[in-house]
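So the chains spell out like this:
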Amino acid sequence: MDRHHSVVYMVAAMRRDVSRIFASSIAVKRQFLKDNLGTLVQVIDRIAGALRAGNKLMLFGNGGSAADAQHIAAEFVNRFKMERPPLPAIALTTDTSALTSIANDYGYAEVFAKQVRALGRRGDVAVAISTSGNAVNVLRAVAACQRIGVTTVALTGGSGGKLATAADLVLRAAGTTETARIQETHILVGHVICELVDVGLFGA
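Residues numbered from 1 in each chain as written. Predicted model: local features only at pLDDT ≥ 70, side-chain atom pairs only at ≥ 80, totals over all residues. Heavy atoms only, no water.

A. Region of interest: the overall build of the protein. Broken down by element type, the protein carries seven helices and five strands. When the elements of the protein are put in sequence order from the N terminus, they spell out α-β-α-β-α-α-β-α-β-α-β-α. In terms of its C-alpha atoms, the protein occupies a principal-axis envelope of roughly 65 × 45 × 30 Å. Expressed as a percentage of its 204 residues, the buried residues of the protein come to 44%. Restricting the contact set of the protein to residue pairs at least 6 apart, pairs at least 24 apart contribute 71%. Roughly 10,500 Å² of accessible area belongs to the protein as shown, and the carbon and sulfur atoms make up 56% of that amount. Computing the positive centroid from 22 side-chain charges and the negative centroid from 16, the protein places the two 3 Å apart. (Helix = DSSP H or I, 4+ residues; strand = E, 2+ residues; numbered from the N terminus. Buried < 20%, exposed > 50% of the residue type's maximum accessible area, 1.4 Å probe, protein only. Contact = heavy atoms within 4.5 Å. Areas by Shrake-Rupley, 256 points an atom, 1.4 Å probe, with all protein chains shown as cover. Lys, Arg positive; Asp, Glu negative; His and termini not counted. Charge placed at Lys NZ, Arg CZ, Asp CG, Glu CD.)

B. View of the pairing of strand S5 (residues 169-173). Here S5 shows a clear split, with Leu 169, Leu 171 and Ala 173 buried on one side and none of Val 170 and Arg 172 buried on the other. Bridge analysis of strand S4 (residues 151-157) against S5 gives five bridges, and the strand direction is parallel. Looking at S5, one finds that Ala 154 is bridged to Val 170. (Pairing = 2+ DSSP bridges.)

What follows is the structure in structure tokens.
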């Protein structure tokens with residue numbers, strides 16, 4: 001195969017791969033909606049009710065899920081689409097002094113649970129994000145939430161792991177165990193929550 005035909009082949013293969021990845025992501029989202037629509041509506045209503053009552057939203061996770069936690073928190077604190085007052089949301093993934101001191105003194109498994117015990121109040125809502133559902137620090141934080149009366153929402157994937165039975169409300173991308181596809185679904189879910197909580201609190 002000469003260089004020209006090799007390049008043409010590579011471009012064609014790349015186009016097929018791009019299309020395959022998009023199709024896979026879309027399929028996971030469609031399956032998620034089919035499986036979780038009712039629960040997602042409950043989650044939106046629960047978060048809106050907590051914020052309306054003067055409570056707050058806490059979010060936490062590791063790696064890409066940590067990025068999702070702070071992304072969603074920022075949408076609430078600043079704004080999502082509509083102009084409205086700032087809403088109380090905090091990602092427990094962003095305070096490096098708290099994270100590193102807790103990890104150093106008590107171990108990484110405690111980095112979210114200690115913050116929950118410090119900041120959480122009965123009536124708050126916590127969104128626990130773990131693609132596998134088995135992150136120990138996320139599970140410990142969920143347990144800490146439940147001891148003080150914080151409603152827990154799991155964002156997970158695949159089988160849901162231990163998180164699927166630990167949280168009060170579970171949103172699970174069951175159509176895949178591939179981390180990237182799960183995370184793509186999670187951020188869409190986060191955006192849906194942000195938009196519809198705003199509508200619930202402030203109107204269309």
